[in-house]
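In case you want the letters, here they are:
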Amino acid sequence: VLILYYVVGMVGFLLPPVPGPPIYLFGGVVVVRQFAQINAKEGETINDSSFWLGCIIVILVSWVLKLNACAMQQKAIGEALGARPWIRAACGVNKPFIRALEMVLQEKGLSYGKCAILCGGPDWPTSVLCGLLKCDLLQMMIGSLPVVIFIAPFVLTGAFFLRTEPVYASAGTFLFVVSMVVCTTFGVSAGYAVQEYLDSHPIYLTIPLRK
């Protein structure tokens, strides 16, 4: 089931219209269910220890899935498309906003702006743009590591649908709200980081560097 989830998730990530949250929810509902039924006693549908073990494993697998998908989108799609000048022109790689975005992505380590863009931006466009801009893959992977704080609430929200206790229903709703708050925070932080470069390098960002 884990292998099937990984394959289906990877195919989903490689399709432009498919966002990440439904994939994480699917893992929480379907894959955790399989773990929860392990060692369940007669008359029980869920074994508590197996349930929580399944949650942890699915969160980790989803994290690896997201990082692998980003790497494939960047190298196999973004860099391949970036070899065509008309695609770079259509994406506006020399426009001030994209140039400022690139400067944020070029920051080393876990800078808040880079992490906000990589973790909060739409999956396919963000990673493909990194490929178009020829960003360093290792640095993009490092910047994407905090996405686990976005993945975990969605997986747990899906997993809590399996429980009949009222507390889990309330916790699932709360975690969904937390996910939305995290996503909004990433978005605001990304916009602020890009605007900082737009304000501090207004002339440099208007000089075309790519043909």
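What you see is a predicted model; the values in this text were computed from it and never measured.

Conventions we followed
Residues numbered from 1 in each chain as written. Predicted model: local features only at pLDDT ≥ 70, side-chain atom pairs only at ≥ 80, totals over all residues. Heavy atoms only, no water. Helix = DSSP H or I, 4+ residues; strand = E, 2+ residues; numbered from the N terminus. Contact = heavy atoms within 4.5 Å. Areas by Shrake-Rupley, 256 points an atom, 1.4 Å probe, with all protein chains shown as cover. Phe/Tyr/Trp six-rings, centres within 6.5 Å; stacked < 30°, edge-to-face > 60°. Buried < 20%, exposed > 50% of the residue type's maximum accessible area, 1.4 Å probe, protein only. Lys NZ or Arg CZ within 6 Å of the ring centre and 35° of its normal. Salt bridge = Lys/Arg side-chain N within 4 Å of Asp/Glu carboxyl O. Expected span 1.5 Å × (residues − 1). Axes fitted to C-alpha atoms, helices over the stretch in contact; angles between N-to-C directions. Parallel < 35°, antiparallel > 145°, perpendicular 65-115°, else oblique. Left-handed = near helix turned anticlockwise from the far one by under 90°. Nonpolar A, V, L, I, M, F, W, Y, C, P; charged D, E, K, R; others polar.

On to the overall build of the chain. Looking only at helices and strands, the chain features 10 helices and 0 strands. Traced from its N-terminal end to its C-terminal end, the chain shows the element sequence α-α-α-α-α-α-α-α-α-α. Across its three principal axes, the chain shows a C-alpha extent of roughly 70 × 30 × 25 Å. A separation threshold of at least 6 residues defines the contact pool for the chain, and within that pool the share at least 24 residues apart is 77%. Surface summary for the chain: the accessible area is close to 10,800 Å², and the carbon and sulfur share equals 72%.

Let us now look at the packing of aromatic side chains. Given two aromatic rings, one states the distance between the centres and the angle between the planes to describe the pair. All told, the structure shown has 11 aromatic pairs when counted by the stated rule. An angle of 80° between the planes, with centres 5.1 Å apart, marks the rings of Phe51 and Trp52 as edge-to-face. Residue classification places Phe51 among the buried positions, given a relative accessible area of 0%. Three or more aromatic residues link up through ring pairs in this structure, and these residues are Phe51, Trp52, Phe160 and Tyr168. Positioned above the aromatic ring of Tyr204, the side-chain terminus of Arg99 is 4.9 Å from the ring centre.

Among the secondary structure elements, Gly158 is positioned in helix 9 (residues 148-160). On the basis of relative accessibility, which here comes to 0%, the residue Gly158 falls in the buried class. Placed 130 residues apart in sequence, Gly158 and Gly28 show a C-alpha to C-alpha distance of 4.3 Å. Setting aside residues no more than four positions away along its own chain, Gly158 makes contact with Leu25, Gly28 and Val29.

For the coordinates displayed, the defined rule picks out 3 salt bridges. With a shortest N-O distance of 2.4 Å, Asp123 and Lys66 are connected by a salt bridge. Taken together, the residues span a long stretch of sequence, with Asp123 in helix 7 (residues 123-132) and Lys66 in helix 3 (residues 48-81) at a distance of 57 residues. Comparing Asp123 with Lys66, the two get one shared label, buried. Between Lys75 and Glu79 there is a salt bridge, with its nearest N and O atoms 2.9 Å apart. Of the two residues, Lys75 and Glu79 are both situated in helix 3; the distance of 4 residues between them amounts to about one turn of the helix. A relative accessible area of 40% means that Lys75 is categorised as partly exposed. Under the relative-accessibility criterion, Glu79 is labelled partly exposed at 27%.

Backbone geometry at Lys134 places phi at a positive 55°, although glycine is not the residue there. Tracing the chain through its elements places Lys134 in the loop between helix 7 and helix 8 (137-144).

Attention now goes to helix 9. In a regular helix each residue adds 1.5 Å, so 13 residues correspond to 18 Å; helix 9 covers 18 Å between its end C-alpha atoms and thus fits that length. Helix 9 sits mainly inside the fold: 11 of its 13 residues count as buried. All buried positions along helix 9 are accounted for by Phe150, Ile151, Ala152, Pro153, Phe154, Val155, Leu156, Thr157, Gly158, Ala159 and Phe160. In this fold, the buried residues of helix 9 make contact with helix 2 (20-36), helix 3 and helix 10 (166-200).

Attention shifts here to the packing of helix 9 against helix 10. Where helix 9 meets helix 10, the closest approach of the two axes is 8 Å, and the angle between their N-to-C directions is 155°. Relative to helix 10, helix 9 is oriented roughly antiparallel. Here helix 9 runs over helix 10; the crossing is left-handed. Residues Ile149, Phe150, Pro153, Phe154, Leu156, Thr157 and Phe160 of helix 9 pack against Tyr168, Ala171, Gly172, Leu175, Phe176, Val178, Ser179, Met180, Val182, Cys183 and Phe186 of helix 10. Among the residues making up the contact of helix 9 with helix 10, the classes are represented as 15 nonpolar, 3 polar and no charged.

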